[in-house]
Structure formats: structure tokens, C-alpha cells
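# Descriptive analysis of the structure
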Amino acid sequence: MANYGMKEITATLKELKGSFLESFLRHPWPPRSARERSQAIFQNFFLHIQSARIHLYSLKPAFTMGLGLISFFLFLLLTISGIFLMVYYNPTTELAYINVKDISFVVDYGRYIRNIHRWGAHGMVFAVLLHMVRVFYTGSYKRSRKFNWIIGLLLLTITMGLSYTGYLLPWDQLAYWAVTIGANIAASFSEITNALSITRFIDIGSFNKQLLIGGNTIGQEALTRFYLLHIIILPIICITLIGVHFWRIRKDGGLSRPDNADEIIKNMKSIADMADGIKGKQEKSAAADKNKTYGLMELVKDRTPQVDLDLDNTVPMWPTGVWAEISVLMVTLSAMLFLSYFFDAPLKEIANPSVPENPAKAPWYFLGLQELVSYSAFMGGIGIPAIVMIGLALIPYIDKEEREFGVWFSGAEGRSTAGKSVLFSAVSLILILAFTVKLGWLRNWFPGIPQIIITFLNPGTIIVFLFAAWSVYIIKLTGSRRMGAVALFTCFLAGFIILTIMGTYFRGPNWDFYWSPSQWPVH
């Protein structure tokens, strides 16, 4: 009896792995048929946000480049590494800098965790920006995807906010003077209220500044606010928006693709062969699947993206799509580990209010904004960014053309328009920058000129006006609002790159122009 009991216990233990997997996954493992592979998506919490099938065109690396996935994986990496950093970090002005030094030089593997967090933040900003560029130029904001474009813009804003609040936490010189610049931008509403002589009644600038830094001076209250924003408020908003963003992609028919994607797949031999092989496996598994059932959406015809779609040239998300996602994850993780091993995250001297940074330069993704702020704190830091974001948000609702959905630049005309727009924006912006560097601006010529004129008439606002005028010209020339949108977006993209290069390489102490850092004055 004892031997029989032990044999029964041993057999039960051997079956434990399969029983646990079946209870966790809620379907047989491994999946053996198309139905079971679909159940792997439908019945799994972690995979359910994805569609059950994916089109072969969406697996082309050159179309999406995996930028959305890279952005998401970097967010997960930042969350995990950030939790480790929180263990050793105290958000106080007395200890923050010391804690970061300890993380970098005392804590085991602390330097690598901090490096991963820093370069992951830079990588996420870069990936989100490129993802927005890809979505725009392929026209993937059209049809039922309009609102998801808005969600994407909100995610871009939150990503910038996470990066800004993150690099303030070490409380070094970069952090302190970045807070100072941010506080001055928040207070820049006073440029308008002072000009209208209503500041004593409605002091929006002072209110914004005190709300941001917790008082009139930068100190512990400011650090506490940015810490809470960075670890609680912004991440919660970001996680929520990411969930909605992914859910909308699924409900809008999966990743965007051209209307003739099936024809393109047939003409691509490697993918066509893969499709034939998968189709044969699907037919075999369907014949073996005696429990095949149909859901309501498989029986009802409608005009939504999810219904009445042909299953040709599609494959189950599990395992084909999931393995593709895992590949992107491994490449992303490898790149971050490489950067973190060979390049250390910067850390300047401890924050010192009596010794201002000169030049106080923001990270690369804020340098274009910093160049605009040097002309006018209000328009450069608030007005122009607001105009750009509102303009981007309106694009899907203004551009209602159905032409070339899911095609880069909407065809040859779009490529030509984008090329002309790059040339126009580069020439006009470089000429304005050269004029400003050589001859100055209104304040240099007329020292007593009212500030309200400088606020609304400066190189930044002139650049925006020129770009808008170019877009209107393209619309009249081509008769296409899509081409006008391509022109405007390309101008702003090229302008962002040029202003970033300007701030990175040609701005020195007092934000003056220098051909090289070797020309900077020596103190």
C-alpha cells in the first residue's frame, strides 16, 4: 500500500507542470491547432490585448521597424530599473546627489542600472519620435485610427515629461538649472499679463511657477513635486494611455497596411512561400480540430475593420507574431546593455544656486525648444509647442483623403513634396539663424521696444509662419490636403533637427554662437 501511494504521488508530481500550465493558460499547451493558437490569445490576460491573427505584411521589418514595440519595451525596462534605483534614492536636496553617487560607485551593479535607466530614457524618446514619424508618413492616422493618433501625441507628451522630471532627480547642476529654466517658462505668462496691465488682477505666471516648484525659490518642495510626478503620476497616466493605444490598434484591425497588401505579399517570394507553408499547416490543423466553433463576429458582416476580413495571408499571433515581438525585445535589450556597459550616464557637480551653468544645456531632445526659448520664453516654451501639438492633433480630421493608406509618403507625389519641404525648411531656417547670429534681433536694434512685440515677433514665430505659408502653397499647388500636411510635418521635423544641431554644436556660454567649443572663452 505504501509503495502504491508513493507511485501515485510521484505520477501526480510529474503531471504537476502540465496541470499548472493548463490552469494558468486556460488552453492546451503547447497549442496544436489554429483554434488552440487563437485561444492562446483570447484566454490569456497578457496576450489578449493583441489580435488573434496578424497579416504577413505587418511582419515586414521595413514597414513598422518595430518602433512601437521598442518604445513599449523601453518603458518596461525603465520601470524595472527605476524600481531598483528607488531602493537607494532619497528625494531630499541633502541626500539626492549623494545617493546617486553611491549608486554609481558603491552599490553593486548600481552603475549599470543607472546607465540602463538613463540611456533607456533617451532611447524611448527617440523611438517614440520615430514611431510618430512612421505613422504620419504612412498615413496610418486615417480612417478609424484618428483618435489613436491623439493618444499617441499624448504619449509623446508624457514621454517628454517623464524624461524631464527624471533627469532633475540627481539634483546636480544640470538638474537645478533645468528646474530654473522650467520655472521661468511656467512664469512666462507674465509677459502677456504685464503687457495687458492685468498682472495685479490675474497673475497666471506666478501661480504656474509656484504650482511647479512649490514656492518662489527652488528647493525641497520642487524636488518632491518632480519625484512624485516621475514615479507615480506620469507613469500611471502613461500605462493607461499605452493600454488604450494597444487596444485601439487591435479594434481598428491591427497594424495598418496598404489596401493592396495581399498583392504585395504574393509578389514577394520569401513571404509568399512562408504564407503557402503556413496555409498548409492551417488546413491540416483545421481538419484535425473536431471542436471547431464560430463566434458571432465570424458570422455577421459589417463595415468595421474587424469583420468580414479574409484570412488569406494572415497567421496566428501565436507563435509567429509573439516570436517576432520577442526578437524585437532581445534586440532592444541588447542595445541598452551595450550602451550601459561602454557609456556612463553623466553626473555634474552638486547643485549650486550661486554658480549658474553656462551654458546650461538640456538633453538633446529639448535643445530645439531651448533655442526657441532664447528668443521668447512664452512663445518658445509654451506658444509654439502648443501650436505644433494642436496642429498635429487636427491633421487626421483635416486630411480626409483616402489616397494610398498605409503607403510611405502616399506615393511618389508625397516623396517629392517631402524632399522639397526639407530643402525649403533647411534654407529658410538656416538663413534666419544666420541673420540672427550676425545682426541680432529687435531688442538689439531698439532697446526700448515693448516686450509684447518681442514675444510675438521673433525668429521662432517667423519660422512657424513660413512653414505654415509653405503648407498652404503646397495645398494650392497640388490640390491635396494630404500633401499640405506632409509639407508642414516635414518642415517641423527638419526644423527640429536643425535647431537641435544648432543647440548641440554651435551654442556656447551666454547662448552665443561659436563654430566650435574650442572657441569658448576661458575663465
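Owing to the predicted nature of the structure, the values given are computational and were not obtained by experimental measurement. (Residues numbered from 1 in each chain as written. Predicted model: local features only at pLDDT ≥ 70, side-chain atom pairs only at ≥ 80, totals over all residues. Heavy atoms only, no water.)

## What to know about helix H5 (residues 67–88)
- Taking 1.5 Å as the rise per residue, H5 with 22 residues should run 32 Å; its terminal C-alpha atoms sit 32 Å apart, in good agreement.
- Residues of H5 that are buried include every one of Leu67, Ser71, Phe73, Leu74, Phe75, Leu77, Leu78, Ser81, Gly82 and Leu85, and no others. (Helix = DSSP H or I, 4+ residues; strand = E, 2+ residues; numbered from the N terminus. Expected span 1.5 Å × (residues − 1). Buried < 20%, exposed > 50% of the residue type's maximum accessible area, 1.4 Å probe, protein only.)

## Some remarks on helix H15 (residues 317–342)
- The terminal C-alpha atoms of H15 lie 36 Å apart, and with 26 residues this matches the ideal 38 Å at 1.5 Å per residue to within 8%.
- All buried positions along H15 are accounted for by Met317, Trp318, Gly321, Val322, Glu325, Thr332, Met336 and Ser340.

## Observations concerning the environment of Ala121
- When you line up the elements, Ala121 lands in helix H7 (residues 110–137).
- As a C-alpha pair, Ala121 and Tyr164 span 43 residues in sequence and 9.8 Å in three-dimensional space.
- Beyond its immediate stretch of four places on either side in the chain, Ala121 contacts Leu78 and Ser163. (Contact = heavy atoms within 4.5 Å.)

## Examining the packing of aromatic side chains
- For the coordinates displayed, the defined rule picks out 33 aromatic pairs.
- Ring centres 6.1 Å apart and planes at 90 degrees place the aromatic pair Tyr164 and Phe366 in the edge-to-face group. Within this pair, whereas Tyr164 is found in helix H8 (residues 146–166), its partner Phe366 is found in helix H16 (residues 364–373), the two being separated by 202 residues in sequence. As far as burial versus exposure is concerned, Tyr164 and Phe366 are alike and both buried.
- The rings of Phe126, Tyr164, Tyr167, Phe226, Trp364, Tyr365 and Phe366 are connected pair by pair, giving a single aromatic cluster.
- Directly above the ring of Phe63 sits Arg134, whose terminal nitrogen or CZ lies 5.3 Å from the centroid.
- For Arg482, the ring lying beneath its charged end belongs to Phe136, and the centroid distance is 5.1 Å. (Phe/Tyr/Trp six-rings, centres within 6.5 Å; stacked < 30°, edge-to-face > 60°. Lys NZ or Arg CZ within 6 Å of the ring centre and 35° of its normal.)

## Quick look at the packing of H5 against helix H12 (residues 220–251)
- Closest axis-to-axis distance for the H5/H12 pair is 12 Å, and the angle between their directions is 155 degrees. Relative to H12, the element H5 lies roughly antiparallel. Judged by the sense of rotation from one axis to the other, the crossing of H5 with H12 is left-handed. Taken together, the residues of H12 that come into contact with H5 (itself represented by Phe72, Phe75 and Met86) are Tyr227, Ile231, Pro235, Cys238, Ile239, Ile242 and Phe246. (Axes fitted to C-alpha atoms, helices over the stretch in contact; angles between N-to-C directions. Parallel < 35°, antiparallel > 145°, perpendicular 65-115°, else oblique. Left-handed = near helix turned anticlockwise from the far one by under 90°.)

## Remarks on the pattern of salt bridges
- A complete count under the given rule lists 6 salt bridges for this structure.
- Among the salt bridges present, the one from Arg111 reaches Asp344, with a minimum N-O distance of 2.5 Å. One end of the pair, Arg111, is in helix H7; the other, Asp344, is in the loop between H15 and H16, with 233 residues separating them in the sequence.
- The shortest N-O distance in the salt bridge between Lys348 and Glu357 comes to 2.7 Å. (Salt bridge = Lys/Arg side-chain N within 4 Å of Asp/Glu carboxyl O.)

## Looking at a nonpolar patch on the surface
- Residues Leu228, Ile232, Ile233, Ile236 and Ile237 make up a contiguous nonpolar surface patch of about 400 Å² in total accessible area.
- Classification of Ile237 by relative accessible area gives partly exposed; the value is 34%. (Patch = residues over 30% accessible without salt bridge, like charges linked within 9 Å, V, L, I, M, F, W, Y side chains within 5 Å. Areas by Shrake-Rupley, 256 points an atom, 1.4 Å probe, with all protein chains shown as cover.)

## Some thoughts on the nonpolar core
- Counting residues in each nonpolar core, the largest one holds 84 residues, and the members touching the most others are Phe136, Trp149, Tyr167, Leu168, Trp171 and Val179.
- Sort the elements by how many residues they give to this core and H7 lands first, with 12 residues.
- Looking at which domains feed residues into this core, each of domain 1 (32–345) and domain 2 (358–515) supplies at least three.
- Non-local contacts of Phe136, meaning those with residues more than four positions away in its chain, are made with Tyr141, Trp149, Ile395, Arg482, Ala485, Val486 and Phe489.
- Grouped together as the second largest cluster of nonpolar side chains are 10 residues, Ile54, Phe63, Ile265 and Met317 included. (Core = buried A, V, L, I, M, F, W, Y, C linked by side-chain atoms within 4.5 Å. Domains from an automatic or database assignment.)

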